[in-house]
Amino acid sequence: MESLLSTAQNGAELYHRLFENIQAVIKGQGAAIRKLLAAFLGGGHVLLEDYPGTGKTTLAKALAYSVEMTYSRIQFTPDLLPTDILGGTVLHPHRQTVEFRPGPLFAHLVLADEINRASPRTQSALLEAMAEQQVTLDGQVQSLPAPFFVIATQNPVEAQGTYPLPEAQMDRFALQFQLGFVPPLEEVEILSQQLQGHPVAAVRPCLSLAEVLALRAQVHQVRLSRELKRYIVDLVQATRQRPEIQLGASPRGAIALMKVSQALALFDGYGFVTPDHVQEMAVAVLAHRLVLKPEFECLDPGHCIRQILQHMPVPA
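Residues numbered from 1 in each chain as written. Predicted model: local features only at pLDDT ≥ 70, side-chain atom pairs only at ≥ 80, totals over all residues. Heavy atoms only, no water.

The chain appears in an unreviewed UniProt entry as MoxR family ATPase from Lyngbya confervoides BDU141951.

In structure tokens, the structure reads:
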């Protein structure tokens, strides 16, 4: 237990170093940064759905520049093809050889900007990559770098020229959350930062790739009691039994909730997960996986999760 606590404290120190490096750029978004890092270090992917200009791209860049890892940005458009993302094989006739040329997906952190503007065919090119950290091209399996982390963005109010993400795609995102608008004092500070240029340009790495991999390994060591495992399963099961929900959360949702809860516990310096960690992440992990019945589409899926949390007995 002493070794586990030492690991948790060390992990918390590295987390706070990364958190503060990002928070120097992203003002007033501490909760969003905490969620983003929980997904990043818990091995999941993130979908940011918010209004234009709220800092979605800046948040992704701040994380990318804070760690010594490769980063690529893919601007999703209606004419984008799967090969534009994945890459492909190139024939060299003079040498009579075929060479695989990787696309922008082959990076540690990939920003899929405005993902819902690409066609379903192009969106589906991400399914294997996000679930299995590999892609299959011309019958050959190509492994993606570790860690592999996708941050996707989309605008919730503009539907023209967009293609809604299918349920299979949504289920591959560990978290979906919004940034929202910051309080006036933080917005004034944002204006002050922008006077001499964009602050993200000044971000320097504060963690090495090896430290990130070590942090991910430490997340797996955080203990989760049998009672909390059952609590997570009961929360997910409850989404499949409510009358207003047509399709509840999948087992992948339960796994994601477990892993990000372990990451939060590590951030807080604990060697074990508490019910508070599960409850903190439940809405962001489960709400976007729900499909409501047509007559209930006006409801907020997050409200359904909050009601389940309110009525579900919490393990002692």
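Structure shown, so let's carry the discussion forward.
Here we come to helix 9 (residues 209-221). With 13 residues, helix 9 should reach 18 Å at 1.5 Å per residue; the first-to-last C-alpha distance of 19 Å fits that figure. When we look at burial in helix 9, the residues that qualify are Val212, Leu215, Arg216, Gln218 and Val219. Buried residues along helix 9 cover an arc of 160° about the axis, so they all sit on one side. Summarising the geometry of helix 9, the exposed residues directed more than 90 degrees from the buried face are Ala210 and His220. (Helix = DSSP H or I, 4+ residues; strand = E, 2+ residues; numbered from the N terminus. Expected span 1.5 Å × (residues − 1). Buried < 20%, exposed > 50% of the residue type's maximum accessible area, 1.4 Å probe, protein only. Arc of directions from axis to C-beta.)

Quick look at helix 13 (residues 301-311) now. The complete set of buried residues in helix 13 reads Gly302, Cys304, Ile305, Ile308 and Leu309. All buried residues of helix 13 lie within an arc of 155° about the axis, which places them on one face of the element. In helix 13, those exposed residues whose orientation departs by more than 90 degrees from the buried face are Gln310 and His311. Where helix 13 is buried, its residues touch helix 10 (226-239), strand 10 (245-247), helix 12 (275-286) and strand 11 (291-292). Where helix 13 begins, the side chain of Asp300 points an oxygen toward the backbone nitrogen of Gly302, at a separation of 3.0 Å. (Contact = heavy atoms within 4.5 Å. Polar contact = N/O pair within 3.5 Å; in protein donor to acceptor, adjacent residues only side chain to side chain.)

With that settled, the discussion passes to the layout of surface pockets. Taken as a whole, the largest pocket spans an internal volume of roughly 990 Å³. In terms of lining, the largest pocket is formed by 41 residues, of which the most central are Glu49, Met170, Gln176, Ala287 and His288. Counting only elements with at least two residues in the lining of the largest pocket, the list comes to helix 2 (30-42), helix 7 (167-170), strand 9 (175-177), helix 12, strand 11 and helix 13. For the lining of the largest pocket, a count of residues per class yields 21 nonpolar, eleven polar and nine charged. (1 Å grid on protein atoms, 1.4 Å probe; cavity = no way out; pocket = protein on both sides within 12 Å on 5 of 7 lines; lining within 4 Å. Points joined across faces, edges and corners; volume = space filled by probe spheres on them. Nonpolar A, V, L, I, M, F, W, Y, C, P; charged D, E, K, R; others polar.)

In this section: the packing of helix 9 against helix 11 (residues 251-267). When two helices pack together, their arrangement is given by the angle between the helix axes and the distance between those axes. Running from amino to carboxyl end, helix 9 crosses helix 11 at an angle of 105°, the nearest separation of the two axes being 8 Å. One element, helix 9, and the other, helix 11, form an angle in the roughly perpendicular class. Here Leu215, Gln218, Val219 and His220 of helix 9 come into contact with helix 11, specifically with Lys259, Gln262, Ala263 and Leu266. Of the residues contributing to the contact of helix 9 with helix 11, the split by class is four nonpolar, three polar and one charged. (Axes fitted to C-alpha atoms, helices over the stretch in contact; angles between N-to-C directions. Parallel < 35°, antiparallel > 145°, perpendicular 65-115°, else oblique.)

Quick look at the pairing of strand 2 (residues 71-75) now. Because side chains alternate across strand 2, one face comprises the buried residues Ser72 and Ile74, and the other comprises Tyr71, Arg73 and Gln75, none of which is buried. Examined bridge by bridge, strand 2 and strand 5 (residues 109-113) share five bridges and lie parallel to one another. When the bridges of strand 5 are listed, Gln75 appears paired with Asp113. (Pairing = 2+ DSSP bridges.)

Bringing the packing of aromatic side chains into the picture now. Any pair of aromatic rings gets described here by the distance separating the centres and the angle formed by the planes. Counting across every chain of the model gives seven aromatic pairs. Aromatic side chains Tyr51 and Phe181 sit 6.1 Å apart centroid to centroid with 5° between the ring planes, which places their arrangement in the stacked category. Taken together, the residues span a long stretch of sequence, with Tyr51 in the loop between strand 1 (46-49) and helix 3 (56-66) and Phe181 in the loop between strand 9 and helix 8 (184-193) at a distance of 130 residues. Relative accessible area serves as the criterion here: at 67%, Phe181 is assigned to the exposed category. Taken together, a centroid distance of 5.5 Å and an interplanar angle of 15° make the contact between Tyr270 and Phe272 stacked. Tyr270 sits in the partly exposed class, given a relative accessible area of 36%. The class for Phe272 is partly exposed, based on a relative accessible area of 35%. Cluster of aromatic residues (ring-pair linked, three or more members): Tyr15, Phe19 and Phe267. Above the ring of Phe40, the side-chain terminus of Arg216 is found at 5.6 Å from the ring centroid. (Phe/Tyr/Trp six-rings, centres within 6.5 Å; stacked < 30°, edge-to-face > 60°. Lys NZ or Arg CZ within 6 Å of the ring centre and 35° of its normal.)

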